[in-house]
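Geometric and topological summary
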Amino acid sequence: MLDLKIIRENPEAVKTRLKRRGGDFKELDELLKPEEDRRLGLQESESLKNKKKKLSAEVGQLKQKGEDASELMEEVKTINISIKELDDKIQTLEQQVQETLLGIPNIPDDAIPDGADESANKMVRDWGTKPKLSFKPKNHVEIGEQLGLIDLKRAVKISGARFAVYKGQGAGLLRALINFMIDVQTRENGYEELYPPFLVNKESMQGTGQLPKFEEELFATRDDPLYLIPTAEVPVTNFHRDEILEEESLPICYAAYTPCFRREAGSYGKDTQGLIRQHQFDKVELVKFSRPEESAKELEALVENAESILKKLNLHYRVMELCAGDLGFSAAKTYDLEVWLPSQDTYREISSCSNFTDYQARRARIRSKKRTGGKPEFVHTLNGSGLAAGRLFVALLENYQQEDGTVVVPEALRPYMHGREALTL
RNA sequence: GGAGAGGUGGCCGAGCGGUUGAAGGCGCACGCUUGGAAAGCGUGUGUAGGUUUACCCCUACCGAGGGUUCGAAUCCCUCCCUCUCCGCCA
């Protein structure tokens, strides 16, 4: 959520910066009039309440003295009618303003590239080299099914399209990846592990920006007001919702493994084969709460923490800085990590690391108080995948496949697989 | 799910329907005191909104939302949460 005061003071400047995302953002103009009316009404209502308070106190005094106060009581009754009317009006206006405000995305960082879509994203760096395969690479579905690591047909039977069953060594590999990632992030990169609920309430979804605008992306439960999380970002960021944090405790860094549930509405026909785009996938998420002045630096560190997994597994990847038009709703700046997939002869997103500045913090009311005093200020929130386990599984199968159909297990992972060196029949 | 108890400021804990944003204590901050520290003494210490150059001032908030009343932390209703006991269950 953007700061209403800033919009009020300079709507055109805000609009200009938002327009880099694409779109006209004329809802900013629609905001101004009701907000103005709301404030005028509020002033009137407050002065009436002040009068009412004083009169009521007088009534009390008169009654104590045993005098007649009926005239004053009548007056207050009349005032109450006006107050009620005004407050009803104010409430309607406020709802209108809030609703509009919740539908406006974050302002892109001024320094990120212009552009309408991913074609304008900028490569920041790359790491490693493409594996030299002396044979035609198979894709992860072929490899996985031949080795009996995954069963997609039976997943369709028990759940439907975009679901997978991992089995045998495949299931073991997936679990190994999750444990490996959590260990690296908690032991080497300074994150504290959190294991949160996978079902959350509406307030949490609103806090991180999934609601109200993206309800169709979420799985909801039928009999309870709960949603399945699309990412651990939701429960972990909301961990500190409605809190005032100690400034010295910042940055707070959490790593959390959770499955993620996404309806993928509107992505029909996209990545329909294999494990790339699933309704359910596993991910280790990194979340940070930072001082505003340090969030830019923290984002760089977060990206490096995510990269460290790929480096340890010796997987070739590149780091992309997203352009304004490709940015997610709540983000001000985002780096994507894209891993090399031999079968597709291309790079695929395996992590997305963003600085949300104060946008989520304002929605979720996460503040920090300076030791030196003064008003609490909104912290900056950041998060990134560290990494998506399903896509990492894909990358491993494809990059480590051998001509004989087996898959070599990278050394860093072997301790997590009882020393196994290869996935075989 | 059933029965009972309870939800007040960073924490503990008072609070006959009338000046209580809320006693008291702890904690914290600053000052005095001290060779230094502790103790002691003094002062201060919630959040949001409005207004303002600023100080001030005003409004709201005692789990949430409604209601009664001239006036509600205090009374009534609904919901949420916590605790205890019973039931059920991994």
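Residues numbered from 1 in each chain as written. Chains lettered and ligands numbered in written order. Predicted model: local features only at pLDDT ≥ 70, side-chain atom pairs only at ≥ 80, totals over all residues. Heavy atoms only, no water.

On to the overall build of chain A, then. Within chain A, the secondary structure is distributed over 12 helices and 17 strands. When its C-alpha atoms are laid out on the principal axes, chain A stretches across 100 × 45 × 45 Å. Counting across all 425 residues of chain A, residues that qualify as buried make up 50%. Taking as baseline every contact in chain A between residues at least 6 positions apart, the subset at least 24 positions apart corresponds to 73%. With the model as given, the accessible surface of chain A reaches about 21,000 Å², and the carbon-plus-sulfur share is 48%. (Helix = DSSP H or I, 4+ residues; strand = E, 2+ residues; numbered from the N terminus. Buried < 20%, exposed > 50% of the residue type's maximum accessible area, 1.4 Å probe, protein only. Contact = heavy atoms within 4.5 Å. Areas by Shrake-Rupley, 256 points an atom, 1.4 Å probe, with all protein chains shown as cover.)

Bringing the protein's contact with RNA strand B into the picture now. For RNA strand B, the set of nearby residues contains 24 residues, the closest of which are Asn50, Ser56, Val76, Arg367 and Lys369. Taking all atoms of RNA strand B within 4 Å of the protein, the share assigned to sugar and phosphate is 70%. One of the side-chain N or O atoms of Arg8 is found 3.1 Å from a phosphate oxygen in RNA strand B. A distance of 3.3 Å separates a base nitrogen of RNA strand B from a polar atom in the side chain of Lys63. (Near = heavy atom within 4 Å. Polar contact = N/O pair within 3.5 Å; in protein donor to acceptor, adjacent residues only side chain to side chain.)

Once that is clear, we can look at the pairing of strand S11 (residues 333-341). In terms of burial, S11 is a largely internal element, 9 of the 9 residues being buried. Neither face of S11 is open: one carries Lys333, Tyr335, Leu337, Val339 and Leu341, the other Thr334, Asp336, Glu338 and Trp340, and all of them are buried. Pairing of strand S10 (residues 317-321) with S11 involves 5 bridges; the strand directions are antiparallel. Bridged to Arg318 within S11 is Glu338. Pairing geometry for S11 and strand S12 (residues 346-355), over 9 bridges, is antiparallel. Of the residues in S12, the one forming a bridge with Leu337 is Ser351. (Pairing = 2+ DSSP bridges.)

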